[in-house]
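Next come the chains, spelled out residue by residue.
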Amino acid sequence: MTDQPDRDQARDPQDLERLLIDRQWAGDIEGMVALFEPDAVIDTGAAELTRGHEAIRAFAASWRKFQRGEQRPAAINGDLALTSTRLADGSITSEVARRQADGTWLWVIDRYSVVW
């Protein structure tokens with residue numbers, strides 16, 4: 001987000017998970033939302049996807065506190081990256097990030113758990 005110049009940006013797709021957790025624990029919902037592209041989608045397991053910054057912002061307030069997990073190395077292909085983390089409870093997250101014009105990375109798709 002350009003209105004928060006002092007906020008760290010993801011220079012590598014692996015940075016996104018750390019920044020999300022740090023911002024959540026700091027209560028920085030706007031900072032969490034800023035890690036997603038404006039039209040990003042989150043698959044929370046609900047019937048419909050959470051789509052766009054407004055919906056992500058509303059949903060972010062209800063997120064449980066995230067814990068750090070074991071991140072897999074990002075699979076990068078050009079301007080796209082697949083990131084994933086195994087959480088302490090054994091669940092695995094899966095996300096797609098896209099490199100932005102300024103070289104930073106934002107998530108465009110986030111799936112909370114690939115276990116169903």
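See the structure shown above.
Bear in mind the structure is a predicted one, so any value in this text is a computation, not a measurement. (Residues numbered from 1 in each chain as written. Predicted model: local features only at pLDDT ≥ 70, side-chain atom pairs only at ≥ 80, totals over all residues. Heavy atoms only, no water.)

**Thoughts on the side chain of Thr-93**
Part 1 of the reasoning: Relative to the helices and strands, Thr-93 is located in strand 6 (residues 92-99).
Part 2 of the reasoning: Reaching out from Thr-93, the side chain makes a polar contact with the side chain of Glu-95 at a distance of 2.7 Å.
Part 3 of the reasoning: Thr-93 has contacts with Thr-83, Ser-84, Thr-85, Leu-87, Arg-111 and Tyr-112, leaving out every residue within four places of it along the chain. (Helix = DSSP H or I, 4+ residues; strand = E, 2+ residues; numbered from the N terminus. Polar contact = N/O pair within 3.5 Å; in protein donor to acceptor, adjacent residues only side chain to side chain. Contact = heavy atoms within 4.5 Å.)

**Topic: the nonpolar core**
Part 1 of the reasoning: Within the largest apolar cluster, 20 residues are counted, with the highest numbers of intra-cluster contacts made by Leu-16, Leu-20, Phe-36, Ile-56, Trp-63 and Phe-66.
Part 2 of the reasoning: Excluding its chain neighbours within four sequence positions, the residues that come into contact with Leu-16 are Ala-10, Leu-35, Ala-97, Trp-105, Leu-106 and Trp-107. (Core = buried A, V, L, I, M, F, W, Y, C linked by side-chain atoms within 4.5 Å. Buried < 20%, exposed > 50% of the residue type's maximum accessible area, 1.4 Å probe, protein only.)

**What about the pattern of salt bridges?**
Part 1 of the reasoning: According to the stated counting rule, one finds 8 salt bridges in the structure shown.
Part 2 of the reasoning: The closest approach of N and O atoms between Asp-22 and Arg-18, which form a salt bridge, is 3.9 Å. On the criterion of helical spacing, the pair formed by Asp-22 and Arg-18 is a turn pair, its members being 4 residues apart in helix 1 (residues 15-25).
Part 3 of the reasoning: Between Arg-68 and Asp-22 there is a salt bridge, with the nearest N and O atoms lying 2.2 Å from each other. (Salt bridge = Lys/Arg side-chain N within 4 Å of Asp/Glu carboxyl O.)

**Overview of the environment of Ala-61**
Part 1 of the reasoning: Relative to the assigned elements, Ala-61 resides in the loop between helix 3 (52-60) and strand 3 (70-71).
Part 2 of the reasoning: Sequence separation between Ala-61 and Asp-28 is 33 residues; the distance between their C-alpha atoms is 9.8 Å.

**Considering the pairing of strand 1 (residues 36-43)**
Part 1 of the reasoning: Taken across its 8 residues, strand 1 has 6 buried, putting it largely inside the fold.
Part 2 of the reasoning: In terms of strand pairing, strand 1 meets strand 7 (residues 105-111) through 4 bridges, oriented parallel. Residue Asp-43 lies in a different strand from strand 7, and its bridge partner there is Arg-111.
Part 3 of the reasoning: Sheet topology note: the strand 1/strand 2 (residues 50-51) ladder contains 2 bridges and is antiparallel. Counterpart to Val-41 in the pairing with strand 2 is Arg-51.
Part 4 of the reasoning: In textbook terms, the turn of a hairpin is the stretch between consecutive antiparallel strands, and for strand 1 and strand 2 this stretch comprises 6 residues, one of which, Gly-45, has a positive phi near 95°. (Pairing = 2+ DSSP bridges.)

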